[in-house]
Structure formats: structure tokens, C-alpha cells
Amino acid sequence: MKSVSYKSYGAPDVLRLELRPTPEPKAKEIQIRVHASAVTTADWRLRASDFPGGLWIVGRLMFGLFRPRKPILGMTFAGEVTEVGAGVTKFKMGQKVFGFSGGGAHAEYLTIHEDRALAVMPEGLDYADAAAVPFGGLCALVFLRDVAELKNGQRILIIGATGGVGAYATQIAKGKGAHVTAVCGSTSEELAQSLGADEVINYHETDPLSGKDTYDVIFDCVGASSFATAQNVLKPSGLYVPLNFGVRELRQLMTQKKGGKRMKLHVNDDTAEDMQELTALMSEGKVTPVVDRVYDLIDVFEAHSRVQTRHARGTVVLSLG
Ligand SMILES: NC(=O)c1ccc[n+]([C@@H]2O[C@H](COP(=O)([O-])OP(=O)(O)OC[C@H]3O[C@@H](n4cnc5c(N)ncnc54)[C@H](OP(=O)(O)O)[C@@H]3O)[C@@H](O)[C@H]2O)c1
């Protein structure tokens, strides 16, 4: 099967198009012919070994000290079930499925345990649209529901509101009845509004952390703020939730006082239940795929370069059709 692999950390040119053996499903696993997969900020960080906030060594210990432990990137997939292993009860051959694999999806075939974060694709979606949603959609769902515990009527500031996670956070926050202020650049203002933002701040013109408006929740998807700067516009018991954090935030968390303005840190764990909830939101039209651009497999270097700019509008997708 065709795949994209990397054997050392570095710039996009460490990626190689490579023929590899097609994986066979073990018991309780299904084999998927992958038609589309997202290129996410997680793929870029793993490829470049670019782990934020002084956590480089932690990242290297987790993903391979001297070279990547898993050679195939690709966090999300959309494709067709081509084989089922012994004991599989949830999926059958020929079904169109999508989900979060956490790696291995930049290849024509993928095997995954049936209990992982995958689901049957909603009607009417194509593979590229389906593959675009699980990374940012699951992250936004869990962070807003469980970490921020966002409630109807609360005011939320989403920094990076049109990116790989932000484009879904904006939609989900609006669906929860929050008043959403989206932060993005001038070229993405219209997109932010179409995703449901009540107000848009163009960060090139206005500093979102020095205005008069205050927020119950600040969700920073880019790493353009800190707990100290966020406090300027947090309500007295407001919550700061950064997706990127490092040693500084871990230290601040240990000395954080009870009550008052708070910060919460979390690392996402993608589950089958959350994937079901996300699929339901998509079927109800409450979460819509946002695709920056679809690249052919041969153009994977350009796709990675695009993600690394931090100006993607929604999700960058790789086609393996
Ligand atoms: N903790 C966890 O479990 C977890 C889970 C998933 C992801 N993550 C991390 O969270 C991040 C998610 O990133 P993503 O995929 O959403 O990023 P992304 O796609 O690169 O974000 C792009 C967005 O950020 C905006 N932006 C760029 N520079 C900005 C600035 N200086 N100020 C405000 N907005 C700015 C862009 O707007 P314009 O294009 O208009 O400039 C665009 O809306 C990654 O770093 C990833 O590693 C963490």
C-alpha cells in the first residue's frame, strides 16, 4: 500500500512516499481503505518534534527519543471497511466510517480496534469532509463540554477561531448557547461569522486581551495568550483554557489559589462515545466540516507546510482516493 512515513524529525522534506505491507486486522479490529485523512497541527508537531512550552523532552520520551517510534502520521481517517477481524460486532464490510486513529492514517489502509473513536459517516458527506472533523471536532467538544463546562448565555473568547480546532469550537460554543467572540485575521472574519460567531476581533488591528469586554471563558487554540495577559479580560471567576501549555503553565497551576480567575489544562483522550456525540452533532447540522484545502498524497509536503503556517482555515486534508 502507498503511505507517507518519516524516519527522522525535521522539516516537511523528512516525509517519504513509501510502499509498505498492507496491515491485516487482528481480533476485534477492522481494516479500512482510507480515502481521506487530515493533516493536523499534531502531525506537524510530531514530524518536527515541535512540542510547546519546554515540553520537548516529554514529547521525545513519548514519541521516540532519537527517531519517531511510529513511522506513519495521520490522526484522522475517512474510508471504507474492507475487512473485519474475528469477533467484530460493531462494523461490517462496505460501511463508510470515519474517526480518530491518533496516527497511521496517511496510508491507503489502516487497522483499528472497533472500540476506538470511530463511527459510521453521516449521510451525504464525502470522505474529505468527514476526515476533516474528528481532530478539531473531538478536541473542541471535550474542551468546551468537560474542561470549560461552557453554559448557555456565557461569554467565550475563542483565540484562533477559524483554525483546525477553532472552526469547530466556534460552532460547538454557539450550539451551546454561548455568546461567541472569535479572534482571527482579516481574511477569516467572514468564515468566523458563518460559523456562528457573534463578534469577531481581527487580531492584526485590535488586541483581544486589552478591550473593555470580559469573558467567562477564554479558549486559546493557538498559543497567542498567557494566563497573565488573559486575566485582563476574564470575569472575576472566569476560566482560561489554553490548548497549548508548557512548564510555565504547569508551575502556575500548582500555585493556583482556589476561587477567582482560574486556568485549567487538559490533554484530550478521544473516545468512541465522544465520536458518537460528534457524529450526532454533524447529522443534525450543528457541526459542519470546514476544509481549508484538499491535497493529493503526492503533495503531502505542501500540506504540512500549510498547516505549519498557523493560518489554515479549518482543516487541511490529504486525499488517498
Ligand atoms: N491539549 C490537547 O489535548 C490538544 C489537542 C489538540 C490540539 N492541541 C494543540 O492545539 C493547537 C490547535 O491548533 P489548531 O489546529 O486549531 O491551529 P491552527 O489551525 O494552526 O490555527 C489557526 C488559527 O489561528 C489563528 N491565528 C494565527 N495566529 C494567531 C494569533 N497570533 N492570534 C490569534 N489568532 C491567530 C488563525 O487565524 P488567521 O488565519 O486568520 O490568521 C486561524 O484561525 C495545536 O498547537 C495543537 O498542538 C492540543
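Residues numbered from 1 in each chain as written. Predicted model: local features only at pLDDT ≥ 70, side-chain atom pairs only at ≥ 80, totals over all residues.

**Examining the overall build of the protein**
When helices and strands are counted, the protein shows 10 helices and 15 strands. Its C-alpha atoms give the protein a radius of gyration of 19 Å, within 12% of the compact-globule value 20 Å for 321 residues. The principal-axis extents of the C-alpha atoms in the protein amount to approximately 55 × 45 × 35 Å. Looking at the protein as a whole, 46% of its 321 residues qualify as buried. Of the contacts formed within the protein by residues at least 6 apart in sequence, a portion of 67% connects residues at least 24 apart. (Helix = DSSP H or I, 4+ residues; strand = E, 2+ residues; numbered from the N terminus. Rg over C-alpha atoms; globule rule 2.2 N^0.38 Å. Buried ≥ 20, exposed ≤ 12 C-beta atoms within 10 Å, placed from the backbone. Contact = placed C-beta atoms within 7 Å.)

**Digging into the site of the ligand**
Near the ligand lie 30 residues; those nearest to it are G160, G163, G164, G185 and L243. Residue assignment for the shell around the ligand shows that the elements contributing at least two residues are α1 (41–48) and β9 (179–184). The greatest single-element share of the shell around the ligand, amounting to three residues, is contributed by α1. Grouping the constituent residues of the shell around the ligand by class yields 14 nonpolar, 14 polar and two charged. Counting the residues that make up the shell around the ligand, at least three belong to each of domain 1 (2–133 + 289–319) and domain 2 (136–263). (Near = placed C-beta within 6 Å. Nonpolar A, V, L, I, M, F, W, Y, C, P; charged D, E, K, R; others polar. Domains from an automatic or database assignment.)

**With respect to unusual backbone geometry**
Although it is not a glycine, E149 sits at a positive phi angle of roughly 50°. Tracing the backbone shows E149 in the loop between α4 (134–147) and β8 (155–159). Although it is not a glycine, R310 sits at a positive phi angle of roughly 65°. Position of R310 relative to the elements: it lies in the loop between α10 (300–308) and β15 (315–319).

**Overview of the domain arrangement of the protein**
When the domains of the protein are assigned, the result is domain 1 (2–133 + 289–319) and domain 2 (136–263). In this structure, domain 1 and domain 2 have C-alpha centres spaced 27 Å apart. On the domain 2 side, the residues contacting the 16 residues of domain 1 number 19 residues. Partitioned by chemical class, the residues of the side of domain 1 that touches domain 2 number seven nonpolar, seven polar and two charged.

**Section: the sheet that holds β8**
An order of β10-β9-β8-β11-β12-β13 is seen for the six strands of this open sheet, with the pairing classed as parallel. In this open sheet, the two edge strands, each paired with only one partner strand, are β10 (199–202) and β13 (262–263). Sheet topology places β8 next to β9; five bridges connect them, and they run parallel. Bridge pairing in β9 places L157 opposite T181. (Pairing = 2+ DSSP bridges.)

**Some details on the nonpolar core**
Generally speaking, a soluble globular protein has its nonpolar side chains buried in company with each other. Ranked by size, the top nonpolar core spans 98 residues in total, and within it A131, I156, I158, A169, F219 and V317 carry the most contacts. Examining the composition of this core, we find that eight residues originate from one element, α4, more than from any other. When residues of this core are sorted by domain, at least three fall in each of domain 1 (2–133 + 289–319) and domain 2 (136–263). For V317, the contacting residues outside a window of four places in its chain are A36, A38, A128, A131, A132, V291 and V294. (Core = buried A, V, L, I, M, F, W, Y, C linked by C-beta atoms within 7 Å.)

**Digging into α4**
Between its first and last C-alpha atoms α4 spans 18 Å; for 14 residues at 1.5 Å apiece the expected length is 20 Å, and the two agree. Of all 14 residues in α4, 11 are buried; the element is thus mostly enclosed. Turning to α4, its buried residues number three or more, namely P134, F135, G136, G137, L138, C139, A140, L141, V142, F143 and L144. Residue E149 follows α4 closely and has a positive phi angle near 50°. (Expected span 1.5 Å × (residues − 1).)

**Details of the packing of α1 against α10**
It is at 9 Å that the axes of α1 and α10 come closest, and there the two elements cross at 105°. Taken together, α1 and α10 sit at an angle that is classed as roughly perpendicular. Packed against α1, whose contacting residues are T41, W44 and R47, the element α10 presents H304, V307 and Q308 at the interface. By residue class, the composition of the contact of α1 with α10 is two nonpolar, three polar and one charged. (Axes fitted to C-alpha atoms, helices over the stretch in contact; angles between N-to-C directions. Parallel < 35°, antiparallel > 145°, perpendicular 65-115°, else oblique.)

**Details of the environment of L144**
Structurally, L144 is set in helix α4. With 29 residues separating them along the chain, L144 and A173 place their C-alpha atoms 7.0 Å apart. Apart from residues lying up to four places away in sequence, L144 is in contact with L150, A169, I172, A173 and K176.

**Some details on the pairing of strand β12 (residues 234–242)**
Look at any regular strand and the pattern is simple: side chains alternate between the two faces of the sheet. In terms of strand pairing, strand β11 (residues 215–220) meets β12 through five bridges, oriented parallel. Note on β12: the bridge partner recorded for F219 is V241. Two strands pair when backbone bridges link them, and β12 and β13 are joined in this way by two bridges, in the parallel orientation. Paired with Y240 across the two strands is M263, which belongs to β13.

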